[in-house]
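# Observations on the three-dimensional arrangement
The residues making up each chain are set out below.
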Amino acid sequence: MKRRLWWAVCLVSVFVVLAVMVLPGCGGDGGDGGGDGEVNTVNWGWIYDFTGRAATAVKPMYDGARDFLHYAAETGQIPDGIEIKMDTFDTQGDSGKVPGGYVYLRDRGMDVLEIAAYQYELILDQSRTDGVPSLNTHNQLNQLGLDTQISLYGANEHAQELVLNYIMNTWDYSGGLPKVGMVLYSGVSNYEVRRDFDAAYCAEHADKLNWIGAQAAPIGTTVWAAQVERLKDADYVIPVVSGAPLANFVKEMQGAGFDGVFIHDQDLLGHWSQVLAQVDKDYLDGTIVVCWLQWWSETTEWMTTMKEYSQKYNTAPEYAGYKLGSGYQTGWGAAEALLEAVRIAIQDVGAANVDGPALMESMMKIDLEVPGYGNTWKVAEGYHQLIHGCVAYEYRVAAGDY
């Protein structure tokens, strides 16, 4: 299947949209069941890092999903005879806890799972045996065709391809090739697949990209002197690190005189608030992020509705915090997709029979029009992701308040 990119430019706020790109293939609870009689509870289990290095992105994602379900219940979108409940297991950033977390949630009646793609591999066989499908947010190339999983967004490798394509399409080659480097934690497959993809892609396009290497550090590293020294002269640096260590790295790069561009996929926005808290905003001008989702500066019907109810359900400080990252809208979108799968399952088997196996079938049938996205949310053969387009945003301090 051929890949194609298409680009559009318009000015929005702070993170301004630069380009739209299309890829292959195109415990809280929500809902009160509605109606009379018995209510079938759909249990949505979350195995995530709620208190470790990824918590800055994960907690808003959970809150966004929770708030969508409250919004759906308030506006009468939860079908009669159904309620959707969220249950959680905190891995505390330790992948070794994932199998135990899965068993814990399964034994509490989990019907559908929310988990990071790279950790889904740890319980894939058990999930298939138990008939518990996974609705992930991101995906990986080796999981795109799984019959037990769909994702809201596409593969991390595809997002990185668009990061590198953005560089090639915007670089002024009169000054030579752009020097591109990466920093990452070692031993995290989600990070290492990006490194391996980028290194291979830059080698394939050596006439357009000068890959100066990926600088890896053990998990827990907070001082980046060695990595900074090797990357400070790059034109573009891809920071594949999360949480406070990401902010530390960016701050050290500033101290070393790095005057290139930080560029990454959507993961950067999940931890953007911590970067803003430690680094001068003016220094971050020009940061590029390739996203599957809509940023807060968009004025689409989807984003407007989400912002309205986020403010309704949360305090002003909480809402201000959500606007500094991408987690909240990711969770909102995941819950919207799950609700659509539940509706389809009801049509197929009836409300009383909606369970994991029924949701396995219905998730593959999602065909949802969502305002402001470049495609109908639906999977394609071999690409079990709902959103197939990416948008490149640039951070501009002068453009607004976030």
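The model shown is predicted, which means the values in this text are computed figures rather than measured ones.

## Observations regarding the overall build of the chain
- Within the chain one finds 15 helices and 13 strands.
- The C-alpha atoms of the chain give a radius of gyration of 21 Å, which matches the 21 Å a tight globule of 402 residues would have.
- In terms of overall dimensions, the chain has C-alpha extents of about 70 × 40 × 40 Å along its principal axes.
- Burial status across the chain gives 58% buried among its 402 residues.
- As presented, the chain carries roughly 15100 Å² of accessible surface, and 48% of it is formed by carbon and sulfur atoms.

## Digging into the pairing of strand β11 (residues 261-265)
- The buried count for β11 comes to 4 of 5 residues, which makes it a mostly enclosed element.
- In the classification by handedness, the crossover that spans strand β10 (residues 236-240), the intervening helix α8 (residues 243-255) and the parallel β11 is right-handed.

## Digging into empty space enclosed by the protein
- Considered as a void within the structure, the largest cavity measures approximately 540 Å³ in volume.
- If you trace the largest cavity, you find 30 residues lining it, with Tyr48, Ala54, Val58, Asn190 and Asp267 closest to the centre.
- Counting residues per element, the ones that place at least two in the lining of the largest cavity are α1 (55-74), α3 (117-120), α6 (189-204), α9 (267-270) and α14 (327-349).
- Residues belonging to the lining of the largest cavity are distributed by class as follows: 11 nonpolar, 16 polar and 3 charged.

## Considering the side chain of Ser242
- For Ser242, the position within the fold is in the loop between β10 and α8.
- According to the relative accessible area criterion, Ser242 is buried, its value standing at 4%.
- A distance of 3.0 Å separates polar atoms of two side chains, one belonging to Ser242 and the other to Tyr191.
- With near-sequence residues (within four places) excluded, Ser242 lies in contact with Arg53, Tyr191 and His271.

## Structural notes on the pairing of β10
- Judged by how many residues are buried, β10 sits mostly within the fold: 5 of 5 residues are covered.
- Side-chain alternation along β10 places Tyr236, Ile238 and Val240 on one buried face and Val237 and Pro239 on a second face that is also buried.
- In this structure, strand β8 (residues 179-185) lies alongside β10, joined through 5 bridges in parallel fashion. Among the inter-strand pairings, Leu184 is bridged to a residue of β10, identified as Val240.
- Pairing of β10 with β11, which is carried by 2 bridges, proceeds in the parallel orientation. Paired with Val237 across the bridge in β11 is Phe262.

## Some details on the packing of aromatic side chains
- If you walk through the whole model with that rule in mind, you get 24 aromatic pairs.
- Among the aromatic residues, ring-to-ring pairing joins Phe68, Tyr71, Trp296, Tyr309, Tyr313, Tyr319, Tyr322, Tyr328 and Trp332 into one connected group.
- Lys208 extends its terminal NZ or CZ atom over the ring of Tyr173, reaching a point 4.7 Å from the ring centre.

## Things to note about the nonpolar core
- Ranked by internal contacts, the top residues of the largest apolar core, which has 110 residues, are Trp44, Trp46, Phe249 and Trp377.
- If you tally residues by element for this core, the top one is α14, at 11 residues.
- Not counting chain neighbours up to four residues away, the residues in contact with Trp377 comprise Leu152, Trp302, Gly333, Glu336, Ile366, Asp367, Leu368, Val370, Leu386 and Ile387.
- Counting 12 residues, the second largest nonpolar core, distinct from the first, contains Ile47, Val98, Met110 and Ile123.

Quick notes on the rules
Residues numbered from 1 in each chain as written. Predicted model: local features only at pLDDT ≥ 70, side-chain atom pairs only at ≥ 80, totals over all residues. Heavy atoms only, no water. Helix = DSSP H or I, 4+ residues; strand = E, 2+ residues; numbered from the N terminus. Rg over C-alpha atoms; globule rule 2.2 N^0.38 Å. Buried < 20%, exposed > 50% of the residue type's maximum accessible area, 1.4 Å probe, protein only. Areas by Shrake-Rupley, 256 points an atom, 1.4 Å probe, with all protein chains shown as cover. Right-handed = clockwise from strand over helix to strand, strands pointing away. 1 Å grid on protein atoms, 1.4 Å probe; cavity = no way out; pocket = protein on both sides within 12 Å on 5 of 7 lines; lining within 4 Å. Points joined across faces, edges and corners; volume = space filled by probe spheres on them. Nonpolar A, V, L, I, M, F, W, Y, C, P; charged D, E, K, R; others polar. Polar contact = N/O pair within 3.5 Å; in protein donor to acceptor, adjacent residues only side chain to side chain. Contact = heavy atoms within 4.5 Å. Pairing = 2+ DSSP bridges. Phe/Tyr/Trp six-rings, centres within 6.5 Å; stacked < 30°, edge-to-face > 60°. Lys NZ or Arg CZ within 6 Å of the ring centre and 35° of its normal. Core = buried A, V, L, I, M, F, W, Y, C linked by side-chain atoms within 4.5 Å.

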